[in-house]
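Coordinate inspection notes
Take a look at the letters that make up each chain.
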Amino acid sequence: MQKTVAFHTLGCKLNFSETSSISRMFSASGYDKVEFDQPADVYVINTCSVTENADKECRQIIRKLKRQSPDSKVAVVGCYAQLQPNQIASIPGVSLVLGAAEKFNIVEHLENISESTEAEIHATAIDEVDFYVDAHSFGDRTRTFLKVQDGCDYGCSFCTIPLARGKSRSAEIHAIVAQAQQIAESGVKEIVLTGVNIGDFGKGESGGKSRNENFLDLIKALDEVEGIERFRISSIEPNLLNEEIIQFVASSKRFAPHFHIPLQSGSDKVLKLMRRRYLRELYTERVELIKQAMPHCCIGVDVIVGFPGETHDDFLETYKFLNELDISYLHVFTYSERPNTLAIEMGESVPMEERKRRSKMLRSLSVKKRRFFYEQHLGETRPVLFESENNKGFIQGFTDNYIKVKTPFNNDLVHEVVDVVLSEVDADGDMIGRCLQFPVFNLQSNEQESFVPLKTVNRKL
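An account of the accompanying structure is given in this report. (Residues numbered from 1 in each chain as written. Predicted model: local features only at pLDDT ≥ 70, side-chain atom pairs only at ≥ 80, totals over all residues. Heavy atoms only, no water.)

1. Regarding the overall build of the protein chain
When its secondary structure is counted, the protein chain shows 13 helices and 21 strands. Relative to the compact-globule value of 23 Å for 461 residues, the protein chain shows a C-alpha radius of gyration of 23 Å, a close match. Along the longest, intermediate and shortest principal axes, the C-alpha atoms of the protein chain span 70 × 55 × 50 Å. With 461 residues in all, the protein chain has 55% of them scored as buried. Long-range contacts, defined here as pairs at least 24 residues apart, represent 71% of the contacts in the protein chain between residues at least 6 apart. Just so you have it, the protein chain exposes about 20600 Å², and 47% of that area is on carbon and sulfur atoms. The protein chain carries 55 positive and 66 negative side-chain charges, and their two centres are separated by 3 Å. (Helix = DSSP H or I, 4+ residues; strand = E, 2+ residues; numbered from the N terminus. Rg over C-alpha atoms; globule rule 2.2 N^0.38 Å. Buried < 20%, exposed > 50% of the residue type's maximum accessible area, 1.4 Å probe, protein only. Contact = heavy atoms within 4.5 Å. Areas by Shrake-Rupley, 256 points an atom, 1.4 Å probe, with all protein chains shown as cover. Lys, Arg positive; Asp, Glu negative; His and termini not counted. Charge placed at Lys NZ, Arg CZ, Asp CG, Glu CD.)

As structure tokens, this is what we get:
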């Protein structure tokens, strides 16, 4: 009988792209892929270790799998596997733990694994992980996550990623363009560029500046790839998001007017403790530059609450800064202590209940920011890339500037880019849209309505 394998991915878009590449390796070796909740011969868990919750989730999944399929092999890869291999190996049921240097050799390791009940560990020092492996996700005709960079040289005081992924390094532009062309041929409409620190693009496999390429060169080259409707930049550090990049996105043919820019704190004191490479003033300048070039641009923000030494006044400074900033939504992270980071030695720990209270306040602010951003675009006509989900009679998708839109389900919309009038923000905070190419129906009476759009805007203002 043909062997089966199932995958589960924790964490970031980069992990999803790498899981897909690992999945293709199994397929090439004759494995059939099955869903993760089905019995399988092999389960692969690609882990994250950004927060303590990610660690806990990994352990819970492993225990559940062994109850589900007690005779299966469980292989754990990813950041958590690099940082805490012995801890993972001690979890009952784990067969194989692979660090950053070995995760792409997983099929070979499984073929040679012993029948011992103890987990095998293959992990090297992170300094030895100085090579680059291409990766992109597949299986979704709507969008693909395309890895363009790996590792990080920054050393923020709260972060374990440099310890888990090594030095900053990236593929060459011609190789990434070739991947994008291959993805376009598969019918995918949107590519999301992903990595650990993609604005640092251009460093070679050894982590050194081995070629004269940068992130601006990359996006200019990708903008010429035919067949891709949109490119989207997943996340970019504010100090690396320069005016040239902003202006290029504003004038480009395919790059979406959407930036996700980590802030982490609105307090200069806390930013210095975090060892970030900018202060509030630079962040404000970047937001203003974006809005001047693209008033319709969506701006997402990462922020951490409860960092050691963050006082009540420091948090209020962050809250006020974000409240007054022209941004669209927040990703809020509650600080959790991570081993082998500078932050864990700083003392002045914020009580967990206070961390949760601050997190709740910022999440509420995010809801208000998102709704305000949506309401600014009511009456406009924007291109929406619809997905296949049919939720309570609706199909949903995103505009170029990352407004989530839903409209009555029509199978002709699936995986298509359609001009949609943004007509109403509902109680859930979602935008209701009306497609210009298809008849509009009243959901209550099921009768066709006539509809005249209020106004139409270009994709780039």
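So much for the structure itself; the text now carries on.
2. Some remarks on the nonpolar core
Counting 68 residues, the largest nonpolar core has Leu193, Phe215, Leu222 and Phe259 as the members making the most contacts within it. Sort the elements by how many residues they give to this core and helix 7 (residues 173-185) lands first, with six residues. (Core = buried A, V, L, I, M, F, W, Y, C linked by side-chain atoms within 4.5 Å.)

3. A closer look at unusual backbone geometry
Although it is not a glycine, Gln264 adopts a positive phi angle of roughly 80°. Within the secondary structure layout, Gln264 lies in strand 12 (residues 258-264). On the accessibility criterion, Gln264 (8% relative accessible area) is buried. Backbone geometry places His415, a non-glycine residue, at a positive phi of 65°. Residue position: His415 is located in the loop between strand 17 (404-408) and strand 18 (417-425).

4. Re the sheet that holds strand 2 (residues 32-33)
Taken in spatial order, the six strands line up as 2-1-3-4-5-6 in an open sheet, and their pairing is parallel. Looking along the sheet, the strands with just one partner apiece sit at the ends: strand 2 and strand 6 (120-122). Relative to strand 2, strand 1 (residues 4-9) runs parallel, the two sharing two bridges. Each residue of the ladder has a partner; that of Thr4, found in strand 2, is Asp32. Contacting strand 1, strand 2, strand 3 (42-47) and strand 4 (73-78), helix 1 (residues 13-28) runs over the sheet at an angle of about 175° to strand 1. (Pairing = 2+ DSSP bridges. Axes fitted to C-alpha atoms, helices over the stretch in contact; angles between N-to-C directions.)

5. Describing the packing of helix 9 (residues 243-251) against helix 11 (residues 280-293)
The N-to-C vectors of helix 9 and helix 11 enclose an angle of 25°; their axes lie 9 Å apart at closest approach. With respect to helix 11, the axis of helix 9 lies roughly parallel. For the pair helix 9 and helix 11, the sense of crossing is right-handed. Across the interface between the two elements, Glu243, Ile246, Gln247 and Ala250 from helix 9 touch Arg286, Leu289, Ile290 and Ala293 from helix 11. Here the contact of helix 9 with helix 11 is built from residues that sort into five nonpolar, one polar and two charged. (Parallel < 35°, antiparallel > 145°, perpendicular 65-115°, else oblique. Left-handed = near helix turned anticlockwise from the far one by under 90°. Nonpolar A, V, L, I, M, F, W, Y, C, P; charged D, E, K, R; others polar.)

6. Side note on the packing of helix 12 (residues 312-324) against helix 13 (residues 352-375)
Where helix 12 meets helix 13, the closest approach of the two axes is 11 Å, and the angle between their N-to-C directions is 10°. On the basis of the axis angle, helix 12 is roughly parallel to helix 13. Contact residues: His312, Phe315, Tyr319, Leu322, Asn323 and Glu324 in helix 12; Glu354, Arg357, Arg358, Met361, Leu362, Leu365 and Lys369 in helix 13. Considering only residue class, the contact of helix 12 with helix 13 consists of six nonpolar, two polar and five charged.

7. Some remarks on the sheet that holds strand 12
Taken in spatial order, the three strands of this open sheet run 12-13-14, and their pairing is parallel. At either end of the open sheet lies a strand with only one pairing partner, and these are strand 12 and strand 14 (329-334). For this sheet the average axis-to-axis angle between neighbouring strands, irrespective of direction, equals 20°. With six bridges joining them, strand 13 (residues 298-305) and strand 14 adopt parallel strand pairing. Following the sheet pairing, Val305 is matched in strand 14 by Thr334. Relative to strand 13, helix 12 is tilted by about 175°, and along the sheet it contacts strand 12, strand 13 and strand 14.

8. Here's the deal with the pattern of salt bridges
This structure, assessed with the given rule, holds 28 salt bridges. Residue Glu190 pairs with Arg143 through a salt bridge whose shortest N-O separation is 3.3 Å. With a gap of 47 residues between them, Glu190 in strand 10 (residues 190-194) and Arg143 in strand 7 (residues 143-147) connect regions that are remote in the sequence. The class for Arg143 is buried, based on a relative accessible area of 15%. With a closest N to O distance of 3.5 Å, Arg280 and Glu317 form a salt bridge. Placement of the pair is Arg280 in helix 11 and Glu317 in helix 12, with a sequence separation of 37 residues. (Salt bridge = Lys/Arg side-chain N within 4 Å of Asp/Glu carboxyl O.)

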